[in-house]
Amino acid sequence: MDRQLLGLAADLHRRHRPFVLATVVWSRSPTSGKPGGSAIIEADGSIHGWIGGACAEPAVLREARRVLNDGEARLMYLGPPDELDGHQRPGVVTVPIACASEGSLEVFMEPVLPQPHVIVVGNSPAVSTLANLILALEWRVTVVGSGGGLSEAAHQVPLESWANLGVDEFTPVVVATQGHYDEPALEAALKSDAPYIGLVASARRADAVVGYLRDRGFQQDAIDRIETPAGLDLGAIEHREIAVAILARLVELRAAGAIGGASQASRPLAEAIDPVCGMTVDVASAKFSTEHDGDTIFFCCPACQNQFEKEPAAFI
């Protein structure tokens, strides 16, 4: 990988942006992709670098989006349709390349995904323990509130900074203020898209908070988003154990893809078939298309588009 791509990879990682590192590991001429050739593919379809020509690039882009969705690395074989059977094996995705000038190549696709970001609200002993445990997993944590016992790596902000935290559908929230400001913290969390909202509180305290939220106009379906007690319900345990129970719940959500990780990286695929060569084309990133009888026809390359436009009836 050249220095420019290395710098971009470092910048994207620093900004917690997901991307796929695609590297050509084998090729057979004629092809413009050579072993060692690399590209960085972002979630929006931006490609930086070089891994192949007009037929290979859309196939790699399409597979990159799948890699970002499931978080699994894979090897792609791109070559003539009559060679695909000989390259099928576990962990390999085979893609037909109908363009005569593309030859064959194998591309290793590796996802680089941001670690989960957890918002923990409060300054209780459970908060400091939980924040330090999250950091031990090399996840990101923002502690909303003030208090001691936190690692220097923990980002700490006041409750007034909530709007700037970037809470989205993959950012879990844990509220453990020991009654000091549970209500405003939960109000803010319920107005966000947080996939998990946990409240550390006794049953009596939780009932009081729920009553407050109802009085504030929150409907039952919103209130049902709050899990209390937060984390795995282990009964009466001390604060460090509470933190471990919460972390176990967050790890469970992470494993299910509900927080952080892969599925936040990309959007659903919309695909079409190039009627000339039969290749699958990613509609969102397709560069070549034409209108025919009120329909939009997508192509993998300009040669296929040109061939279709000369004689549409041969391919419809």
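As a reminder, the structure under discussion sits directly above these lines.
From a predicted model like this one, the values you see are computed outputs, not experimental measurements.

Observations regarding the packing of helix α4 (residues 182–190) against helix α5 (residues 203–215)
Packed helices, taken two at a time, are described by their axes: the angle between them and the distance between them. For the pair α4 and α5, interaxial distance at closest approach is 10 Å and the crossing angle is 55°. Regarding the angle of α4 to α5, the classification is oblique. Crossing of α4 over α5 shows right-handed handedness. Taken together, the residues of α5 that come into contact with α4 (itself represented by Asp 182, Glu 183, Leu 186, Glu 187 and Leu 190) are Arg 205, Val 209, Tyr 212 and Leu 213. Per-class residue counts for the contact of α4 with α5 are five nonpolar, no polar and four charged.

Some thoughts on the sheet that holds strand β4 (residues 74–79)
In a beta sheet, neighbouring strands are held together by backbone hydrogen bonds and run either parallel or antiparallel to one another. Ordered in space as β3-β2-β1-β6-β4-β5, the six strands form an open sheet in which the pairing is mixed. What marks the edges here is a single partner per strand, and that holds for β3 (47–49) and β5 (92–96). This sheet shows a mean twist of 25° between the axes of neighbouring strands, independent of strand direction. Alignment of β4 against strand β6 (residues 104–112), held across five bridges, turns out to be antiparallel. Bridging from a neighbouring strand, Arg 74 pairs with Met 109 of β6.

Some words on the environment of Pro 184
With respect to the element layout, Pro 184 can be found in helix α4. A C-alpha to C-alpha distance of 8.7 Å links Pro 184 and Leu 159, two positions 25 residues apart in sequence.

Quick look at the pattern of salt bridges
Going through the model one piece at a time under the given rule, you end up with 17 salt bridges. Glu 42 is paired through a salt bridge with Arg 17; the nearest N and O atoms lie 3.0 Å apart. Here Arg 17 lies in the loop between α1 (3–14) and β1 (19–28) and Glu 42 lies in strand β2 (residues 38–42), a separation of 25 residues in the sequence. Here Glu 183 ties to Arg 205 by a salt bridge, and the two come within 2.8 Å at their closest N and O atoms. Here Glu 183, found in helix α4, pairs with Arg 205, found in helix α5; they are 22 residues apart in sequence, far enough to count as distant. You can call Arg 205 partly exposed: its relative accessible area is 23%. One salt-bridge network, held together by shared partners, links Arg 62, Glu 63, Arg 66, Asp 70, Arg 74 and Glu 271.

Regarding the pairing of β6
With nine bridges connecting them, β1 and β6 associate as antiparallel partners. The partner of Leu 21 across the bridge, within β6, is Glu 110.

Remarks on the pairing of β4
Judged by how many residues are buried, β4 sits mostly within the fold: six of six residues are covered. Residues Arg 74, Met 76 and Leu 78 line one face of β4 and the alternating positions Leu 75, Tyr 77 and Gly 79 line the opposite face, and both faces are buried. Note that β4 and β5 share five bridges and pair parallel. Across the sheet, residue Leu 75 finds its bridge partner in β5, namely Val 92.

Observations concerning the packing of helix α3 (residues 125–136) against helix α7 (residues 239–255)
Running from N to C, α3 and α7 point in directions that differ by 45°, and their axes come no closer than 8 Å. Here α3 lies oblique to α7, going by the angle between them. Handedness of the α3/α7 crossing: right-handed. Residue-level inspection shows Pro 125, Ala 126, Thr 129, Leu 130, Leu 133 and Ile 134 of α3 in contact with α7, the latter providing His 239, Arg 240, Ala 243, Val 244, Ile 246, Leu 247 and Leu 250. A per-class count over the contact of α3 with α7 returns ten nonpolar, two polar and one charged.

A short note on unusual backbone geometry
A negative phi angle characterises most non-glycine residues, just as the trans form characterises most peptide bonds. The step from Thr 228 to Pro 229 runs through a cis peptide bond, and the omega angle for that step is 0°. With respect to the secondary-structure elements, Pro 229 resides in the loop between β12 (226–227) and α7. A positive phi angle is found at Asp 293, which is not glycine, with a value near 50°. Checked against the element boundaries, Asp 293 lands in the loop between β15 (288–292) and β16 (295–299).

Description of the nonpolar core
Among the nonpolar cores identified, the biggest contains 32 residues, and Val 60, Met 76, Leu 78, Val 107 and Met 109 are the most heavily contacted of them. Going through the elements one at a time, β1, β2, α2 (56–70), β4, β6, β16 and α8 (302–310) are the ones with two or more residues in this core. With near-sequence residues (within four places) excluded, Leu 78 lies in contact with Ala 56, Ala 59, Val 60, Val 95, Ile 97, Gly 103, Ser 104, Leu 105 and Val 107. Counting 26 residues, the second-largest nonpolar core is a separate cluster that includes Val 121, Val 144, Trp 162 and Tyr 181.

What counts as what
Residues numbered from 1 in each chain as written. Predicted model: local features only at pLDDT ≥ 70, side-chain atom pairs only at ≥ 80, totals over all residues. Heavy atoms only, no water. Axes fitted to C-alpha atoms, helices over the stretch in contact; angles between N-to-C directions. Helix = DSSP H or I, 4+ residues; strand = E, 2+ residues; numbered from the N terminus. Parallel < 35°, antiparallel > 145°, perpendicular 65-115°, else oblique. Left-handed = near helix turned anticlockwise from the far one by under 90°. Contact = heavy atoms within 4.5 Å. Nonpolar A, V, L, I, M, F, W, Y, C, P; charged D, E, K, R; others polar. Pairing = 2+ DSSP bridges. Salt bridge = Lys/Arg side-chain N within 4 Å of Asp/Glu carboxyl O. Buried < 20%, exposed > 50% of the residue type's maximum accessible area, 1.4 Å probe, protein only. Core = buried A, V, L, I, M, F, W, Y, C linked by side-chain atoms within 4.5 Å.

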